[in-house]
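If you want the building blocks of each chain, they are given just below.
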There are 2 protein chains.
Amino acid sequence: MDSQQRPLAGPHRSAFGAIVLDDVDRRLLSELERDGRISNKELAALAGIAPSTCHARVRALRESGVLRGFHAQVDPEAVGRGLQAMIAVRLQPSARARLAEVAHRLAQRPEVRDVYLLAGVDDVLVHVAVRDSPELRAFVLEHLSTRPEVAHTQTSLVFEHVHAPGTASL
Amino acid sequence: MDSQQRPLAGPHRSAFGAIVLDDVDRRLLSELERDGRISNKELAALAGIAPSTCHARVRALRESGVLRGFHAQVDPEAVGRGLQAMIAVRLQPSARARLAEVAHRLAQRPEVRDVYLLAGVDDVLVHVAVRDSPELRAFVLEHLSTRPEVAHTQTSLVFEHVHAPGTASL
DNA sequence: TATGAAACCTACCTAGT
DNA sequence: ACTAGGTAGGTTTCATA
């Protein structure tokens, strides 16, 4: 009787090492992206599995690194960071080797929300949220334009930032 | 005995309508940004308040709109979106009035993770996550470069995206 | 490996200070 | 407005199929 089908399996790892997810996993991820605080019981019902099974699946997704974490989304204005900007940064060619280092140092700053390392005319894109324009100016001066490894910066104000909570289901 | 001090108050609204948070609120937000699934009991302990007080505070923060939501963070590679790109979009001057409309339509697409509306040489910055470069090419063609309202696009591959889970505490 | 039940723990509400 | 207590419900573990 080894020909019996296996209806559910949870996250696997392929021969090459890539994670393989089934439809149930994708459904769980999709719902957790939509609502990170959904109860295990409700999540199980949405996925059509038992709560205990759901719990084990979510744990496996966490431990395999597919689920990286859960975070609250806070209104920037309420915490005194109502002004957002995107800063394109070009490094000196000689400093390109330290690109990752520079980027991760920037990411440590409280003003910084995102750092994108790019392949293009600009090397880095820095998304910041600050209180006002003097604070923005101070940040650019202190951490970017006066740095020896930075060749050029271009700052654009962000009128609106629409974050689309991922779509693992599609 | 009306001279007794009021040690804690929770989120207020100032005369102008802006939300005013105290140190405890900021601590709660900071911890919830770090770990959106922390238990109410543990959160209360970190903030130095009683669990029931903590529960009421968090509820008030949700209802006032300061806490916008909770979302899981998923590894893009695991869900078949290992290729990220940033696309700078410039609209036709005549189409600038429809900027918000265009941006929100883009944000509906499953490939789109972020849409930034800018004040600068480019009007919009679109952060996308796709499976491979044919899918990237198809997205740019179908939703951007062949559109009449789009004057120019410039696509840069994203080597790495560091998202800094906000810092409401500072 | 998925399930179902049992023990533990947490969230939530009510009342009191 | 914070604290304390009680109840209902959820999470987690474990034995079973």
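Residues numbered from 1 in each chain as written. Chains lettered and ligands numbered in written order. Predicted model: local features only at pLDDT ≥ 70, side-chain atom pairs only at ≥ 80, totals over all residues. Heavy atoms only, no water.

1. Some points on the overall build of chain A
(1) Moving on: Regarding its fold elements, chain A presents five helices and seven strands.
(2) Moving on: Reading chain A from its N end, one meets helices and strands in the order β-β-α-α-α-β-β-α-β-β-α-β.
(3) Moving on: Taking 15 Å as the expected radius of gyration for a compact globule of 170 residues, we find that chain A reaches 22 Å, considerably beyond that expectation.
(4) Moving on: For the C-alpha atoms alone, the extent of chain A along its principal axes is close to 70 × 40 × 25 Å.
(5) Moving on: Here chain A holds 170 residues, and the buried ones make up 46% of them.
(6) Moving on: For chain A, contacts bridging at least 24 residues in sequence account for 62% of all contacts bridging at least 6. (Helix = DSSP H or I, 4+ residues; strand = E, 2+ residues; numbered from the N terminus. Rg over C-alpha atoms; globule rule 2.2 N^0.38 Å. Buried < 20%, exposed > 50% of the residue type's maximum accessible area, 1.4 Å probe, protein only. Contact = heavy atoms within 4.5 Å.)

2. Looking at the nonpolar core
(1) Moving on: Ile87(A), Val89(A), Val115(A), Val126(A), Val128(A), Leu136(A) and Phe139(A) are the most contacted members of the largest nonpolar core, which has 23 residues in total.
(2) Moving on: Those elements that provide at least two residues to this core are strand E4 (83-91), helix H4 (99-108), strand E5 (112-119), strand E6 (124-130) and helix H5 (133-145) of chain A.
(3) Moving on: Ignoring sequence-local partners within four residues, the contact set of Val126(A) consists of Ala85(A), Met86(A), Ile87(A), Val89(A), Leu106(A), Val112(A) and Asp114(A).
(4) Moving on: The next biggest cluster of nonpolar side chains, apart from the first, holds 22 residues, and it includes Val89(B), Leu91(B), Val112(B) and Val130(B). (Core = buried A, V, L, I, M, F, W, Y, C linked by side-chain atoms within 4.5 Å.)

3. Notes on the interface of chain B and chain A
(1) Moving on: Taken together, the contact pairs 54 residues of chain B with 54 residues of chain A.
(2) Moving on: Interface area for chain B against chain A, summed over the two sides, is near 5300 Å², with a carbon-plus-sulfur share of 55%.
(3) Moving on: Considering only the surface of chain B that becomes buried against chain A, Arg37(B), His71(B) and Tyr116(B) emerge as the three largest contributors, covering 13% of it.
(4) Moving on: Scanning the region where chain B abuts chain A turns up two salt bridges.
(5) Moving on: Asp75(B) is the partner of Arg68(A) in a salt bridge, and the nearest nitrogen-oxygen pair spans 3.0 Å. (Buried area = accessible area lost by both parts, 1.4 Å probe. Salt bridge = Lys/Arg side-chain N within 4 Å of Asp/Glu carboxyl O.)

4. Concerning the sheet that holds E6(A)
(1) Moving on: Spatial ordering of the closed barrel is given by E4(A)-E6(A)-E5(A)-E7(B)-E4(B)-E6(B)-E5(B)-E7(A), a layout of eight strands whose pairing is antiparallel. With strand direction ignored, the average angle separating the axes of adjacent strands in the sheet is 35°.
(2) Moving on: Where strand E5 (residues 112-119) of chain B meets strand E6 (residues 124-130) of chain B, five bridges bridge the pair, whose relative direction is antiparallel. For Leu117(B), the partnering residue across the bridge sits in E6(B) and is Val124(B).
(3) Moving on: Running over the sheet, H4(A) touches E4, E5 and E6 of chain A together with strand E7 (150-163) of chain B and is turned about 165° from E5(A).
(4) Moving on: Sheet strands touched by helix H4 (residues 99-108) of chain B: strand E7 (150-163) of chain A together with strand E4 (83-91), E5 and E6 of chain B. Its angle to E5(B), the strand with the most contacts, is close to 165°. (Pairing = 2+ DSSP bridges. Axes fitted to C-alpha atoms, helices over the stretch in contact; angles between N-to-C directions.)

5. What to know about the protein's contact with DNA strand C
(1) Moving on: Around DNA strand C, a shell composed of 13 residues is seen, among which Ser52(A), Thr53(A), Asn40(B), His55(B) and Arg59(B) lie nearest.
(2) Moving on: Thr53(A) places a polar side-chain atom, nitrogen or oxygen, 2.6 Å from a phosphate oxygen of DNA strand C.
(3) Moving on: A distance of 3.2 Å separates a phosphate oxygen of DNA strand C from a polar atom in the backbone of Lys41(B).
(4) Moving on: Breaking the surface near DNA strand C down by element, the ones donating at least two residues are helix H3 (51-63) of chain A together with helix H2 (40-47) and helix H3 (51-63) of chain B. (Near = heavy atom within 4 Å. Polar contact = N/O pair within 3.5 Å; in protein donor to acceptor, adjacent residues only side chain to side chain.)

6. Remarks on the relation of the copies chain B and chain A
(1) Moving on: Mapping chain B onto chain A leaves a residual RMSD of 0.1 Å; the transformation is a rotation of 180° accompanied by 0.0 Å of translation along its axis. Seen this way, the second copy is the image of the first under a two-fold rotation axis.
(2) Moving on: Both copies present the same face, since 100% of the interface residues in chain B are matched by interface residues at the equivalent positions in chain A. (Least-squares fit on C-alpha atoms with pLDDT ≥ 70 in both.)

7. Some details on the pattern of salt bridges
(1) Moving on: Considering all chains together, one arrives at 22 salt bridges over all chains under this definition.
(2) Moving on: In this structure, Arg34(A) and Glu31(A) form a salt bridge, with 2.6 Å as the shortest nitrogen-oxygen distance. You can see Arg34(A) and its partner Glu31(A) sitting in helix H1 (residues 23-34), three residues apart, about one turn around the helix.
(3) Moving on: Given the relative accessible area of 10%, Glu31(A) is considered buried.
(4) Moving on: The partner of Glu31(B) in a salt bridge is Arg27(B), and the shortest N-O contact between them spans 3.2 Å.

8. So, the UniProt feature "domain: HTH asnC-type" (unreviewed entry) in chain A
(1) Moving on: Here, UniProt's "domain: HTH asnC-type" (unreviewed entry) annotation points to residues 21-82 of chain A.
(2) Moving on: Regarding residues 21-82 of chain A, the helix share stands at 53% and the strand share at 13%, and the terminal C-alpha atoms are separated by 39 Å. (UniProt positions renumbered as here; feature names shortened; annotations may be inferred.)

9. As for H2(B)
Residues and elements named next belong to chain B.
(1) Moving on: Among the residues of H2, Leu43, Ala44 and Ala47 are the ones counted as buried. Buried residues in H2, looked at end-on, bunch into an arc of 100°, giving them a common side. Turned more than 90 degrees away from the buried face of H2, the exposed residues are Lys41 and Ala45.
(2) Moving on: Buried residues belonging to H2 abut helix H1 (23-34) and H3.
(3) Moving on: Once H2 ends, the next one or two residues include glycine 48, with phi positive near 75°. (Arc of directions from axis to C-beta.)

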